[in-house]
Amino acid sequence: MMGRLDDKVLLLTGAASGIGRASALRAAREGAALFLTDVVTAGLEDTAKRASELGAKVEVRAADISDEQQARSSVAACIERFGRLDVLCNNAGVSVLGPPERAELADWQWRLDVNLLGIVRGVRAFVPAMVQRGAGHVVNTASVAGLNGTPGMSAY
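In this report, we go over the structure that sits alongside the text.

Turning next to the packing of aromatic side chains. Tallied over the full model, the rule gives zero aromatic pairs. When the ring centre of W108 is taken as origin, the NZ or CZ atom of R111, which lies over that ring, is 5.1 Å away.

Turning to the nonpolar core, a few remarks are in order. Ranked by size, the top nonpolar core spans 18 residues in total, and within it L10, L12, L34, L36, A51, A56 and V58 carry the most contacts. At the level of elements, strand 1 (9-12), helix 1 (18-29), strand 2 (33-38), helix 2 (41-53) and strand 4 (87-90) are the ones that each hand at least two residues to this core. Once you skip the residues sitting within four places of it in the chain, A56 turns out to touch A28, A32, L34 and A51.

A separate point is the sheet that holds strand 5 (residues 137-140). A sheet is described by the order of its strands in space; here five strands give the open sequence 3-2-1-4-5, paired in parallel fashion. Looking at strand neighbours, the two that pair on one side only are strand 3 (58-62) and strand 5, the edges of this open sheet. Looking at each pair of strands side by side, their axes are set apart by 15° on average, direction ignored. Summarising the sheet, strand 2 and strand 3 pair through five bridges and their orientation is parallel. In the sheet register, D38 faces strand 3, and the bridge partner there is A62. Sheet strands in contact with helix 3 (residues 68-82) are strand 1, strand 2 and strand 3, and its direction is about 160° off that of strand 3.

Alignment of strand 4 against strand 5, held across four bridges, turns out to be parallel. Bridge pairing in strand 5 links L88 to V138. In terms of handedness, the path from strand 4 via helix 4 (residues 105-133) over to strand 5 forms a crossover that is right-handed.

Our next topic: the environment of T150. Its location among the elements puts T150 in the segment after strand 5. Owing to a relative accessible area of 37%, T150 belongs among the partly exposed residues under this scheme. It is 10.0 Å that separates the C-alpha atoms of T150 and L97, two residues lying 53 residues apart in sequence.

Let's shift gears to the side chain of D38. Mapped onto the elements, D38 comes out in strand 2. Although D38 lies buried, it forms no salt bridge, and the closest oppositely charged side chain, R21, sits 8.3 Å away as judged by the N-O distance. Engagement of the side chain of D38 in a polar contact is seen with the backbone nitrogen of V40, the distance being 3.0 Å. Once residues within four sequence positions are removed from consideration, D38 is found in contact with G14, A15, A16, L44, R61, A62 and A63.

Basis of the calculations
Residues numbered from 1 in each chain as written. Predicted model: local features only at pLDDT ≥ 70, side-chain atom pairs only at ≥ 80, totals over all residues. Heavy atoms only, no water. Phe/Tyr/Trp six-rings, centres within 6.5 Å; stacked < 30°, edge-to-face > 60°. Lys NZ or Arg CZ within 6 Å of the ring centre and 35° of its normal. Core = buried A, V, L, I, M, F, W, Y, C linked by side-chain atoms within 4.5 Å. Buried < 20%, exposed > 50% of the residue type's maximum accessible area, 1.4 Å probe, protein only. Helix = DSSP H or I, 4+ residues; strand = E, 2+ residues; numbered from the N terminus. Contact = heavy atoms within 4.5 Å. Pairing = 2+ DSSP bridges. Axes fitted to C-alpha atoms, helices over the stretch in contact; angles between N-to-C directions. Right-handed = clockwise from strand over helix to strand, strands pointing away. Lys, Arg positive; Asp, Glu negative; His and termini not counted. Salt bridge = Lys/Arg side-chain N within 4 Å of Asp/Glu carboxyl O. Polar contact = N/O pair within 3.5 Å; in protein donor to acceptor, adjacent residues only side chain to side chain.

The following block contains the structure:
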């Protein structure tokens, strides 16, 4: 049985848990080769193990999407390992709970660096290789918390 992602290469940020892990496992079931990144290495290794058990070719890389050099080196490593990149899944996201007026400026900056600028860095790092190939897709994960207020998450 052929999967919808047979012979596709996906790079997924934030793959250590949550939506990132679920997306990686779904892509593995659909036949994709996976290049998984996250800053949480234990969770990343667990996701990779589960995806491998589903038959996927998997490469992992500890990488922080808030660092442009790490984003760029991830795409280079993905292309070196798999020869190309078909789908970028910008999934990494972070939050700090609590009243926004009590949040430290560093917490605000961290959220912006990962949740907003992480997508920008992903696009800047990964899309040029797709343009050069003439093919590729970008999937940006967003949270419903951006639409609906949740107590303790207004700074998110």
